[in-house]
2 protein chains.
Amino acid sequence: MTEHTVKAFDADLDHLMKMVAKMGEQVEATFRDAVEVLIRRDDKLAKDVLDRGEANNALHREIESGAVLLIARRQPVAYDLRLIVAIWETAIELSHIGDLAKNIVGRLVAPSGSDVLAGASRGLRRIARAALRRLHDAVDSLVKTDAEKAERLWRSDQEIDAIYSALCRELLTYMMSDPQASPAAVNLLFCAKSIESVGDHVTNIADAVHYLVQGRRIEGVTSPQPA
Amino acid sequence: MTEHTVKAFDADLDHLMKMVAKMGEQVEATFRDAVEVLIRRDDKLAKDVLDRGEANNALHREIESGAVLLIARRQPVAYDLRLIVAIWETAIELSHIGDLAKNIVGRLVAPSGSDVLAGASRGLRRIARAALRRLHDAVDSLVKTDAEKAERLWRSDQEIDAIYSALCRELLTYMMSDPQASPAAVNLLFCAKSIESVGDHVTNIADAVHYLVQGRRIEGVTSPQPA
């Protein structure tokens, strides 16, 4: 490549990275607001969250076509190719998190479920905060190409597991003591599950960052979950 | 490219396609067995399903590194590049379906939930059959690069929605009439949701196939789900 081509390539890569960082911020804010929609039953915010889902999709498609174009035009190899792949995979994971936010907004709890909702809202906010902190760190590990941070994230999701289990027990107790509360409690259980699932996507992003820097998947190193 | 290079490239592409077709078959069989583990509480089959999960992961990683190598070495453009992307994206979706199968196997219903399980098993088998038929068709649309079949799949998941809604209503009725059945019913609700989610991944595969053939996403054509 000529010096000019190298500079143009770096600028393109930089632009791609900025787009995925922006998508990360947008998805994080959208998800946080989706949990607020659920807890505060805010119709206006609900519409806003769904509108932003469209914007996130558009950004995802832009990153994807940018990545394909860049591979086709510049024919990168080794690290540069892995960087494009990692950005692309991160965008896929972010778009799945956006879908989870949409699912949460779609699960409005009926007024008859007010008590269950009030009881669970603290736990829901807590697990959402923990999940979104991890999401933020995962995107940050990509932007800073920090494989160690990524690997630490990959190995530590016990906090979310613990909050999630406590929330499930709480909601099951509601159901068993007041069967009429079951529909609301089930809705909230699914929301808790959606929030917990953010953790799986964070793990995938962390794995993509590790692959970028080390050239191999974390799973290839050691497998912490024997079958 | 020389004729020799073209032939070698075609052979590599062909190999990649065969791997993703194989992964599709494996994931389909694994998922079907996961639902049987849940319904028949078969410990031996459970272990077998989890072991096959490892094999599916290995195949996913093999497809991924094959795709990256092929892009780096052959520097394909246009259709050839989109084909590699579509195969890769399909492998990602298949691996998510494999994770769903693992989730189902992890949700064993306690003996106290026998009645709920017996009541829901017909619906669970029905929705699993419908979802796996769609999965099979989606992978088939990739192997045959059939964009019309892919678009038909993308536009038709009402059948699964209907079975899923009926199953949810049935399980909620159980909970409300017998609160002690709630833990079992909740477990089965999550399984039903996992099976229903196969449909989302099928939709993504269909979209990838459409992109391969037409060079644009289905969403870009018309959006059937206004926000």
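Our subject is the structure listed above.
What this report covers is the structure whose coordinates are included nearby.

The rules we used
- Residues numbered from 1 in each chain as written.
- Chains lettered and ligands numbered in written order.
- Predicted model: local features only at pLDDT ≥ 70, side-chain atom pairs only at ≥ 80, totals over all residues.
- Heavy atoms only, no water.
- Helix = DSSP H or I, 4+ residues; strand = E, 2+ residues; numbered from the N terminus.
- Buried < 20%, exposed > 50% of the residue type's maximum accessible area, 1.4 Å probe, protein only.
- Contact = heavy atoms within 4.5 Å.
- Areas by Shrake-Rupley, 256 points an atom, 1.4 Å probe, with all protein chains shown as cover.
- Expected span 1.5 Å × (residues − 1).
- Polar contact = N/O pair within 3.5 Å; in protein donor to acceptor, adjacent residues only side chain to side chain.
- Phe/Tyr/Trp six-rings, centres within 6.5 Å; stacked < 30°, edge-to-face > 60°.
- Least-squares fit on C-alpha atoms with pLDDT ≥ 70 in both.
- Core = buried A, V, L, I, M, F, W, Y, C linked by side-chain atoms within 4.5 Å.

In this section: the overall build of chain A. When you go through chain A residue by residue, the secondary structure sums to 8 helices and 0 strands. Along chain A, from the amino end to the carboxyl end, the secondary structure elements read α-α-α-α-α-α-α-α. Seen through its C-alpha atoms, chain A measures out along the principal axes to roughly 70 × 40 × 20 Å. For chain A, buried positions account for 53% of its 227 residues. Here the analysis covers contacts within chain A between residues at least 6 apart in sequence; of these, 82% occur between residues at least 24 apart. Carbon and sulfur atoms make up 51% of the accessible area of chain A, which totals about 10,100 Å².

Moving on, we come to helix H2 (residues 43–74) of chain B. Residue pairs three or four apart in sequence face the same way in an α-helix, which turns once every 3.6 residues. Residues and elements named next belong to chain B. With 32 residues, H2 extends 46 Å between its outermost C-alpha atoms, agreeing within 8% with the 46 Å of an ideal straight helix rising 1.5 Å per residue. If you check the start of H2, you find a side-chain oxygen 3.1 Å away from the backbone N of Lys44, and it comes from Asp42. Positive phi appears at Gln75, one or two residues downstream of H2, with a value of about 45°.

With that settled, consider the packing of aromatic side chains. With the rule as written, the count across this model stands at 2 aromatic pairs over all chains. Ring geometry for Trp88 of chain A and Trp88 of chain B: centres 5.8 Å apart, planes at 45°, overall tilted. With Trp88 of chain A in helix H3 (residues 78–105) and Trp88 of chain B in helix H3 (residues 78–105), this residue pair bridges two chains. Note on Trp88 of chain A: relative accessible area 5%, which makes it buried. Both rings, one in Phe190 of chain A and one in Phe190 of chain B, keep their centres 5.0 Å apart while their planes meet at 50°; by these two values the pair is tilted. Of this pair, Phe190 of chain A sits in helix H7 (residues 182–214) while Phe190 of chain B sits in helix H7 (residues 182–214), which puts the two residues in different chains. Each member of the pair, Phe190 of chain A as well as Phe190 of chain B, carries the same accessibility label: buried.

Take the relation of the copies chain A and chain B next. Between the two copies, chain A and chain B, the superposition gives an RMSD of 0.0 Å; the rotation angle is 180° and the shift along the axis is 0.0 Å. Read as a symmetry element, the transformation amounts to a two-fold axis. A high fraction, 100%, of the interface residues of chain A reappear at the interface in chain B, so the copies pair face to face through one surface.

Moving on, we get to the nonpolar core. Counting residues in hydrophobic clusters, the biggest one holds 163 residues, and the most contacted among them are Phe31 and Leu135 of chain A together with Phe31 and Leu135 of chain B. Apart from residues lying up to four places away in sequence, Phe31 of chain A is in contact with Ile97, Leu100, Ala101, Ile104, Leu132, Ser194, Ile195 and Val198 of chain A.

Moving on: the environment of Leu81 of chain B. By the secondary structure assignment, Leu81 of chain B is in helix H3. If we skip the residues at most four places from it in the chain, Leu81 of chain B touches Val68, Ile71 and Ala72 of chain A together with Ile71 and Pro76 of chain B.

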